[in-house]
Amino acid sequence: MANQAATAFSGNMKKALAGLRRINLEGLRWRVFDAKGQVLGRLASQVATVVQGKDKPTYAPNRDDGDMCIVLNAKDICVTGRKLKNKVYYWHTGVVANAFSVCMNACVYRYIGHLKERTLKEQMERDPTEAIRKAVLRMLPRNKLRDDRDRKLRIFPGSEHPFGDRPLEPYVMPPRRVRELRPRVRRAMIREQKKAEMQQSNKDMRKNRKKEVEAEVTA
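Since the structure is predicted, the reported quantities are computational estimates derived from the model, not experimental observations.

Reading the values: the criteria
Sequence order as written defines residue numbering, which begins from 1 separately in each chain. Selection of residues for local features in this predicted model requires a pLDDT of at least 70, selection of side-chain atom pairs for listing and counting requires 80 or more, and totals for whole chains, interfaces and linings are taken over all residues. For side-chain calculations, the full set of non-hydrogen atoms in the structure is used, while hydrogens and water are omitted. Salt bridges are identified by distance alone: a Lys or Arg side-chain nitrogen within 4 Å of an Asp or Glu carboxyl oxygen. Here a helix means four or more residues in a row that DSSP labels H or I, a strand means two or more in a row labelled E, and each is numbered from the N terminus. When a residue's accessible area, from a 1.4 Å probe over protein chains only, is under 20% of the maximum for its type it is buried; when over 50% it is exposed; and in between it is partly exposed. pLDDT measures the predictor's confidence residue by residue and takes values from 0 up to 100.

J.: Looking at this structure, how should I read the pattern of salt bridges?
T.: Between side chains of opposite charge, a pair can form when the charged atoms approach closely. Tallying each qualifying case throughout the model produces 11 salt bridges. For Asp127, the salt bridge is made with Lys15, and the minimal N-O distance between the two is 3.7 Å. Here Asp127 is found in the loop between α6 (120-126) and α7 (128-137), whereas its partner Lys15 is found in helix α2 (residues 13-16), with 112 residues between them in sequence. The exposure class assigned to Lys15 is exposed, which follows from its relative accessible area of 52%. Between Arg31 and Asp55 there is a salt bridge; the shortest N-O distance is 3.4 Å. Taken together, the residues Arg31 in strand β1 (residues 30-34) and Asp55 in the loop between α3 (40-52) and β2 (68-72) connect sequence positions 24 residues apart. A relative accessible area of 9% means that Arg31 is categorised as buried. Salt bridges here are not isolated pairs; linked through shared partners, they connect Arg31, Asp55, Lys56 and Asp67.

Spelled out as structure tokens, the structure:
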């Protein structure tokens, strides 16, 4: 069964199975997230909750009790607003020289590199899995457990994955809660609706009056 799943997967097998031996898979659940049509931030928050084990009654912040998370269809993720163009990832090239090399006058070519940037749209075209990975990792606490939790996260651009021999459990996303409008906003919307209705009624009255005048002239 494992060989059949491995042959069906046409992606990078080395990257998909990297670091899997360093994880104690005993007693872990394999949760599958379908990213098709999901909002990036809302999906990442649910993945971060499961990979930390916060959905379990035995959760403790000093233990890594999270489950394996497999995210499929990363290329079909959605974002709200204008985040495809406005959201930008920044990073520096090169390595900053440390204090030891400066004190020892070591002949090492280390430098502060140039600032690089990439929009979310460019990142989705280049590697959509990295956008979800960054979103999830930035929701995790920055401690020693972060690397172990990162290894439990497996993201694939399509629906193919090499874990068909595992007991997979599809994760059901919770329904989106729509916040009620504040009274001031609700009153403003009602005023706008009434204003639009009045304008439309005045426009219809002018049209009817114009038709009546034309009919009188022709008669």
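J.: Looking at this model, I keep getting lost on the confidence of the model for the protein. Mind explaining?
T.: Detailed reading of the predicted model is not advised wherever pLDDT is low. Within the protein, residue pLDDT values average 85, and 87% of them lie at 70 or more. The lowest-confidence element of the protein is helix α1 (residues 2-8), averaging 46 in pLDDT; the highest-confidence one is α7, averaging 96.

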